[in-house]
Amino acid sequence: MIPFLSPAEQAAVNQWYEVAFAVPPAALALPFSFRYGDEALAEAARAWECSTEEADGERTLTFRAGDVPVIDYLALKVAEVNEYRLIYDLDLSKLAPNIKYDMDNSGSLEGPFDRIAYFLDLRKAGEPAKYVYVSMDAFTDDLRKIGIPTVASQARFQTNVTHMNVLSNVTGIATGTDLPGGNIEFWPNNYGPPNAATVPNASPGLWDFGDQFSDPIDGYGSMQVHNHDAKQTIFAINNWKAGASADLGIGNSEGETRDWTFTKNAATYELKRLRVLVRPKQ
Ligand SMILES: [Ca+2]
Ligand SMILES: [Ca+2]
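Everything quoted here is computed from the prediction, not taken from an experiment.

1. Observations regarding the overall build of the protein
Inference 1: Of regular secondary structure, the protein possesses 2 helices and 18 strands.
Inference 2: Considering only residue pairs separated by 6 or more positions, the protein has 57% of its internal contacts joining residues 24 or more positions apart.

Here's what the structure looks like:
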């Protein structure tokens, strides 16, 4: 048995706990197992990984265990976020007919607000994060209607939005400040491809940034922000009622639709998180 290093020699690396020890090559010819135990980390399924490195005829085994470090790109990349207040925070693996936010400050903000912002963070296992931030002039003064537009929220918006600021690391997304061409499709209804609101550049035959909602109200559901000047969906969260089979996307989707409708891809993201913010009026 090869003993671990003492706790004093362990190093916390971000949220990882790392131990390393050198072993003679002969030891690696033997079967070995790795068992990880830590009082503080005993709960939940913790990630762990093992790497080996050879140098000077000796091999070093490094074990890392703990929570996978999570970088917050909203705080890291979006300078204007300091002017905004977080209203909703939602782990999108919890999508359901009735949304229970991980954080809901809709009842605690006092005073009016003049901007609304969305930050969507989507990560597949082993791939870099994809994120998008979009802020816009407020399209409502009701905080209960800026989150997922469920039946209970009574939110339904098919409208242009002005002065968009868009930041993303996804190829093809039109980024910049004070962008024209914004529009949103927020509703719990079913919807079809006809361009009912005559959104510029939208297709009457494709699900995209210009569609038509219809009955039933308790239908498929669309939470989409678009840039019709750039002919693109900025982000889409559709069919949240389906949970792991909901549609999630940044940018245009390929295939049958452009706004991620029917992609049923939520489960392909290991980490998926939506934050909704507002800027208190000065
Ligand atoms: Ca359409
Ligand atoms: Ca659409």
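2. Things to note about the environment of R258
Inference 1: Structurally, R258 can be placed in the loop between β17 (247-250) and β18 (271-280).
Inference 2: Note: C-alpha distance between R258 and D208 (50 residues apart in sequence) is 4.8 Å.
Inference 3: Contact partners of R258, with chain neighbours within four places excluded, come to L206, W207, D208, T233, N252 and S253.

3. Description of the nonpolar core
Inference 1: Counting 52 residues, the largest nonpolar core has Y118, L120, V132 and V134 as its most contacted members.
Inference 2: For this core, the leading source of residues is strand β7 (residues 113-123), giving 6 residues.
Inference 3: Ignoring sequence-local partners within four residues, the contact set of V134 consists of A117, Y118, M164, V166, V225 and I234.

4. What to know about the pairing of strand β15 (residues 222-227)
Inference 1: Buried residues dominate β15, accounting for 6 of its 6 residues.
Inference 2: Alternating residues of β15 divide into S222, Q224 and H226 and M223, V225 and N227, and every residue in both groups is buried.
Inference 3: Pairing of strand β12 (residues 182-187) with β15 involves 6 bridges; the strand directions are antiparallel. Each bridged residue has a counterpart across the sheet, and for E185 the counterpart in β15 is Q224.
Inference 4: Relative to strand β16 (residues 232-238), β15 runs antiparallel, the two being bridged by 6 bridges. From the neighbouring strand, S222 faces β16, where its bridge partner is N238.
Inference 5: Hairpin connection between β15 and β16: a loop of 4 residues separates the two successive antiparallel strands, and K231 in this loop has a positive phi of roughly 55°.

5. Considerations on the sheet that holds β17
Inference 1: One open sheet accounts for 5 strands, arranged β9-β12-β15-β16-β17; its pairing is antiparallel. The sheet is open, and its two borders are formed by β9 (157-161) and β17, each paired with just one other strand. The mean inter-strand angle of the sheet, taken between neighbouring strand axes irrespective of direction, is 15°.
Inference 2: The sheet contact formed by β16 and β17 spans 4 bridges and is antiparallel. In the sheet register, I237 faces β17, and the bridge partner there is L248.

6. Points about unusual backbone geometry
Inference 1: A cis amide bond, omega -5°, links D215 with the succeeding residue P216.
Inference 2: The residue H163 is not glycine, and still its phi comes out positive at about 55°.
Inference 3: Relative to the helices and strands, H163 resides in the loop between β9 and β10 (164-168).
Inference 4: For H163, a count of 13 C-beta atoms within 10 Å corresponds to the partly exposed category.

7. Some details on the sheet that holds strand β8 (residues 130-137)
Inference 1: Spatial strand order, β6-β5-β18-β7-β8-β10-β11: 7 strands in an open sheet with antiparallel pairing. Where the open sheet ends on each side, the last strands, each with one partner, are β6 (103-104) and β11 (176-179).
Inference 2: In this sheet, β18 lies alongside strand β5 (residues 85-91) in antiparallel orientation, the contact comprising 6 bridges. What sits directly across from R85, in β18, is V278.

8. Quick notes on the confidence of the model for the protein
Inference 1: On average, residues of the protein carry a pLDDT of 87, and 76% of them reach 70 or more.
Inference 2: Segment residues 1-15: pLDDT under 50, and 17 contacts once partners within four positions in sequence are set aside and those in other chains are kept.
Inference 3: This stretch, residues 41-46, has a pLDDT under 50; its non-local contacts, to residues over four places away or in other chains, come to 7 contacts.

9. Remarks on the environment of L109
Inference 1: The residue L109 is located in the loop between β6 and β7 in this model.
Inference 2: Sequence separation between L109 and L86 is 23 residues, and the spatial gap between their C-alpha atoms is 9.5 Å.
Inference 3: Setting aside residues no more than four positions away along its own chain, L109 makes contact with R85, I87, L143 and V278.

How each quantity is defined
Residues numbered from 1 in each chain as written. Chains lettered and ligands numbered in written order. Predicted model: local features only at pLDDT ≥ 70, side-chain atom pairs only at ≥ 80, totals over all residues. Helix = DSSP H or I, 4+ residues; strand = E, 2+ residues; numbered from the N terminus. Contact = placed C-beta atoms within 7 Å. Core = buried A, V, L, I, M, F, W, Y, C linked by C-beta atoms within 7 Å. Buried ≥ 20, exposed ≤ 12 C-beta atoms within 10 Å, placed from the backbone. Pairing = 2+ DSSP bridges. Axes fitted to C-alpha atoms, helices over the stretch in contact; angles between N-to-C directions. pLDDT = per-residue confidence, 0-100.

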